Amino acid sequence: MGCLSVDERFKNIDYNIAFIKERIAEAAVKSSRSYGDIDFMAVTKTVEPIFINRAIENGLNLIGENKVQELLSKKPYLNLDKCEANLIGHLQTNKVRQIVGEVSLIESVDSLKLASEISKRSVAKDLVTECLIEVNIGGENSKTGISVGELDEMLCQIAEMPGIKVCGLMTIPPICDNDAELFKYFSKMHKIFIDIKDKKLDNTDISILSMGMSGDYEQAILCGSNHVRIGSAIFGPRLY
Ligand SMILES: *Cc1c(COP(=O)(O)O)cnc(C)c1O
């Protein structure tokens, strides 16, 4: 990877995005939707702005970064006129003040404490911050996200908070040996998504189900995802 010229990397990015768009469109049609119903996010962690801008030139209108600092330092170099930026990684409460107002959506709200801090900092800036609740669908100790059992209580509590609006759910499933297992987790998430959407709680406008990454976005879409987060399949392996 390190040996490719900028032009070669541009070509790869163009090719990869065209390829993925087709796969997304096919999976969308198979699940009775169309390409336009699925948000195609480019996950841009570790990627330099010149390559991120290339992805944006290919028509992508959504990027995702994991870290507050990385996002804020790249932002001035990105062509974000027609593109939104979301935070998708774990957010520490002490970074909330910096990120509120700088992203379209925080996808990784994983505690009440964090939601409460986002609420407080948003009110101070006279904003409403849109968020997704990150669900640890596999109940893994190693992962961030709230457990399925905590979700209802969390939504009820957030419904009381000013300055924050829940727009849906995000998840990263456990690493699975086979598609059947993967489908089980994605389908479980979709069912939970439909359930909470039907509840129509205050301060919520549940419309986004964020699941699917480079290795499993087609399966995720088939199970009802409408928002996929794709990094390495666009930009190549990440070099840390
Ligand atoms: C890195 C990351 C992705 C993208 O991962 P790829 O496998 O490179 O597509 C998606 N979501 C989150 C939360 C990530 O941190």
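Every chain's residues receive numbers from 1 upward, in the order its sequence appears when written. With the structure being a predicted model, the display of local features is reserved for residues of pLDDT at least 70 and the display and counting of side-chain atom pairs for 80 or more, all residues being used for whole-chain, interface and lining totals. To get the side-chain values, all heavy atoms of the structure are used, and hydrogens and water are removed first.

Chemist: If you had to explain the overall build of the protein to someone new, which residues and values would you point to?
Modeler: By the criteria applied, helices consist of DSSP H or I runs no shorter than four residues and strands consist of E runs no shorter than two, each listed in order from the N terminus. The number of helices and strands found in the protein is nine helices and eight strands. Against the compact-globule benchmark of 18 Å for 240 residues, the protein has a radius of gyration of 17 Å, which places it among compact chains. Structurally, the protein occupies a C-alpha span of about 50 × 40 × 30 Å along its principal axes. Burial statistics for the protein: of 240 residues in total, 47% are counted as buried. Note on contacts: a residue pair is in contact if any heavy atoms of the two residues lie within 4.5 Å. For the protein, contacts bridging at least 24 residues in sequence account for 61% of all contacts bridging at least 6. To be clear on the numbers: accessible area is Shrake-Rupley with a 1.4 Å probe, and residue cover counts the displayed protein chains and nothing else. For the protein, the computed accessible surface area is about 11700 Å², with 50% contributed by carbon and sulfur atoms. Seen as two clouds, the 28 positive and the 34 negative side-chain charges of the protein have centres 2 Å apart. Only the C-alpha atoms count toward the radius of gyration. The rule for a globule is 2.2 Å times the residue count to the power 0.38. Here's how the labels work: a residue is buried when its accessible area is under 20% of the maximum for its type, exposed when over 50%, partly exposed in between, all with a 1.4 Å probe on protein chains only. None of His or the chain ends enter the tally, which takes Lys and Arg as positive and Asp and Glu as negative. Here the site of a charge means atom NZ of a Lys, CZ of an Arg, CG of an Asp or CD of a Glu.

Chemist: I'd like a rundown of helix 2 (residues 49–57), residues and numbers included.
Modeler: Turning to helix 2, its buried residues are P49, F51, I52, N53, A55 and I56. Against helix 1 (6–30), strand 2 (62–65), helix 3 (68–74) and helix 9 (232–235) lie the buried residues of helix 2.

Chemist: Would you mind going over unusual backbone geometry in detail, with residue names and values included?
Modeler: Its identity is not glycine, yet D126 carries a phi of approximately 60°, on the positive side. Tracing the backbone through its elements, the reader meets D126 in the loop between helix 5 (112–124) and strand 5 (129–135). Despite not being glycine, N203 shows a phi value in the positive range, around 65°. Following the sequence through the fold, N203 ends up in the loop between helix 7 (179–199) and strand 7 (204–210). Look at N203 and you get partly exposed, because its relative accessible area is 31%.

Chemist: Could you give me a rundown of the side chain of N16, with the residues and numbers involved?
Modeler: As for its placement among the helices and strands, N16 is situated in helix 1. Pairs of N or O atoms are called polar contacts if they sit within 3.5 Å, as long as, within protein, a hydrogen donor faces a hydrogen acceptor (for residues adjacent in sequence, only side-chain-to-side-chain pairs). At 3.3 Å, the side chain of N16 and the backbone oxygen of A233 are in polar contact. Each residue touching N16, except ones within four places of it in the same chain, is listed here: A233 and I234.

Chemist: Please set out helix 7 residue by residue, giving values where relevant.
Modeler: Between its first and last C-alpha, helix 7 extends 30 Å over 21 residues, near the 30 Å set by a 1.5 Å rise per residue. Those residues of helix 7 not exposed but buried are L182, Y185, F186, M189, I192, F193 and I196. Buried residues of helix 7, seen end-on, are gathered within an arc of 115° and therefore sit on one face of the element. Away from the buried face of helix 7 by more than 90 degrees, exposed residues A180, K184, K191 and D198 are located. Among the structural elements, strand 5, helix 6 (151–159), strand 6 (164–171), strand 7 and helix 8 (217–222) are those in contact with the buried residues of helix 7. Within two residues after helix 7, K200 carries a phi angle of roughly 45°, on the positive side. To estimate the expected span of a helix, count its residues, drop one, and scale the result by 1.5 Å. The directions considered for the arc are those from the helix axis to the C-beta atoms.

Chemist: Can you lay out the state of the cysteines for me, pointing to particular residues and giving the numbers?
Modeler: Cysteine sulfurs are considered disulfide-paired once they come within 2.5 Å of each other. Using the criterion set out here, one finds zero disulfides in the structure. Left without a disulfide partner, C156 is nearest to the cysteine sulfur of C131, which lies 17 Å away. With relative accessibility at 39%, the residue C156 sits in the partly exposed group.

Chemist: Please set out the nonpolar core residue by residue, giving values where relevant.
Modeler: Ranked by internal contacts, the top residues of the largest apolar core, which has 64 residues, are L91, I106, I118, I133, L151, L169 and I234. For I234, the contacting residues outside a window of four places in its chain are N12, I13, N16, I17, I20, F40, A42 and L60. We call a set of buried residues a nonpolar core when its members are Ala, Val, Leu, Ile, Met, Phe, Trp, Tyr or Cys and they connect through side-chain atoms within 4.5 Å of each other. Residues L105, C167, M170 and I208 belong to the second largest nonpolar core, which totals five residues.

Chemist: Residues and numbers for the packing of aromatic side chains, please.
Modeler: To describe a pair of aromatic rings, you give the distance between the ring centres and the angle between the ring planes. The criterion for an aromatic pair is that two Phe, Tyr or Trp rings (for Trp, the six-membered ring) have centres within 6.5 Å, with stacked assigned to planes under 30 degrees apart, edge-to-face to planes over 60 apart and tilted to the rest. For the structure shown, the criterion picks out two aromatic pairs. Ring geometry for Y15 versus F19: centroids 6.3 Å apart, planes at 15°, classification stacked. Here Y15 pairs with F19, and both are found in helix 1, just four residues apart, close to one helical turn. Its relative accessible area of 56% is what places Y15 among the exposed residues. The ring of F51 carries the charged tip of R9 above its face, separated from the ring centre by 4.0 Å. We call a charge positioned above a ring when the Lys NZ or Arg CZ atom is no farther than 6 Å from the ring centre and deviates by at most 35 degrees from the ring normal.

Chemist: Explain the pattern of salt bridges to me, and be specific about the residues and the numbers.
Modeler: Just to be clear on terms, a salt bridge is a Lys or Arg side-chain nitrogen sitting within 4 Å of an Asp or Glu carboxyl oxygen. If you walk through the whole model with that rule in mind, you get 13 salt bridges. Across the pair D14 and R54 runs a salt bridge, and its minimum N-O distance is 2.6 Å. Taken together, the residues span a long stretch of sequence, with D14 in helix 1 and R54 in helix 2 at a distance of 40 residues. By relative accessible area, D14 is classed as partly exposed at 22%. Classification of R54 as partly exposed rests on a relative accessible area of 22%. Notably, a salt bridge pairs R23 with E26, separated by 3.5 Å at the nearest N-O pair. Highlighted residues: R23 and E26, both in helix 1, separated by three residues, approximately one helical turn. Here R23 falls in the partly exposed class, since its relative accessible area comes to 22%. Relative accessible area serves as the criterion here: at 39%, E26 is assigned to the partly exposed category. Each of R23, E26 and E218 takes part in one network of salt bridges that share partners.

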